[in-house]
Amino acid sequence: MPELPEVETVRRGLTPAMTGAVIARADVNRPDLRWPFPPGMADRLTGQHVLGLRRRSKYILADLSSGETLLIHLGMSGRMLVSGDPLGQFAHEHPAAEKHDHVVLHMDNGARITFNDPRRFGAMDLMTTDGAEQHKLLAVLGPEPLGNDFHEGHLIDAFRNKNTPVKSALLDQRIVAGLGNIYVCEALYRAQISPARKAGRIAKPRVAALVPIIRDVLTEAIEAGGSSLRDFRQADGELGYFQHRFDVYGREGEPCRTPDCGASISRIVQSGRSSFYCRSCQS
DNA sequence: ATGTCGACCTGTCGGC
DNA sequence: TGCCGACAGGTCGACA
């Protein structure tokens, strides 16, 4: 589920349950996800106050009172389920444990945070909060697409002489950090740029136009609560479940939404990933 | 340096 | 019903 808007949605869902609360107990049910967990992870989490939850690209960062920061990545299939009743408004039962519940945080406010990840491409690590941005996984990241460092000049520079398809370039987290397969497809459709076009062969005004388009797509998706299951329990007890309306992603063979276009959406495979686009509108 | 590709995992779905 | 291949929201690291 996780590109930037989904991760931001998860972060916002976790915040009322975690920020200001204490991790009373941490169950670590296996030694690793994509990589081994850091030594003594359960002990290093237990008893810590959660000072705040930040997001960098697709990573959630939980700052702890110990001076350490917990890094969380959801990989392809990672989910964070909040259960219990942190706000004291309703009496929710904790659900039964499920297969692939790898880490469970029991908060002192009664909330329970369950990390479930069938494919185990996700990750967790601990680092000192001071200098967290130097963590190996964070140090290589490019600018936040919604931040001030992502601007026309940056993208034009990054694309200059690039021989790789623009689809791959936008998935490159060193160029801009947070896009994934869905939102790259959607942004390229709005920009009317073919995913197969070489990044270095797009006219500068068209590259520049991508910047506000990317910001818009991501902002709209965040406002919509992400494009996938919102599988955390809301403060009002609702199980959020939002389905975003895509223009192209997953719409192979369906009609292009551009008025009077009449073409149908195509799917091609680029570096092993599906790209959806309109051959008529995008070049 | 740059670009491509396999690898890491489990689950689901469609076709035969 | 069962088996098999294709595919899935990511990205690291090996290799040309």
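Since we're looking at a predicted model, the values are computed, not measured. (Residues numbered from 1 in each chain as written. Chains lettered and ligands numbered in written order. Predicted model: local features only at pLDDT ≥ 70, side-chain atom pairs only at ≥ 80, totals over all residues.)

Let's shift gears to the protein's contact with DNA strand B. Around DNA strand B sit Lys99, Pro118, Arg119, Arg120, Phe121, Lys162, Asn163, Thr164, Ser168 and Ser271, and that is every residue in its neighbourhood. Taken together, the residues that form the surface near DNA strand B break down as 2 nonpolar, 4 polar and 4 charged. (Near = placed C-beta within 6 Å. Nonpolar A, V, L, I, M, F, W, Y, C, P; charged D, E, K, R; others polar.)

Below, the discussion takes up the UniProt feature "active site" (unreviewed entry) in chain A. Per the UniProt record, "active site" (unreviewed entry) is found at Pro2, Glu3, Lys58 and Arg273. Secondary-structure assignment places Lys58 in the loop between β2 (50–56) and β3 (59–64). Leave out the neighbours within four places in its chain, and Lys58 touches Pro2, Glu3, Leu4, Val7, His73 and Gly178. Its 15 C-beta neighbours within 10 Å are what place Arg273 among the partly exposed residues. (UniProt positions renumbered as here; feature names shortened; annotations may be inferred. Helix = DSSP H or I, 4+ residues; strand = E, 2+ residues; numbered from the N terminus. Contact = placed C-beta atoms within 7 Å. Buried ≥ 20, exposed ≤ 12 C-beta atoms within 10 Å, placed from the backbone.)

As a further point, take unusual backbone geometry. In this model, Ser57 sits at a positive phi of 55°, which is unusual for a non-glycine residue. When you line up the elements, Ser57 lands in the loop between β2 and β3. A residue is classified by how many C-beta atoms lie within 10 Å of it, and Ser57, with 20 of them, is buried.

Taking burial as the measure, the 6 residues of strand β4 (residues 68–73) include 6 buried ones, the bulk of the element. Residues of β4 alternate between two faces, with Glu68, Leu70 and Ile72 on one and Thr69, Leu71 and His73 on the opposite face, all of them buried. Note: β3 against β4, 5 bridges, orientation antiparallel. By the bridge assignment for β4, Leu61 is matched with Leu71. In this structure, the hairpin formed by β3 and β4 is closed by a connection of 3 residues, where Gly67 is found at a positive phi of approximately 90°. (Pairing = 2+ DSSP bridges.)

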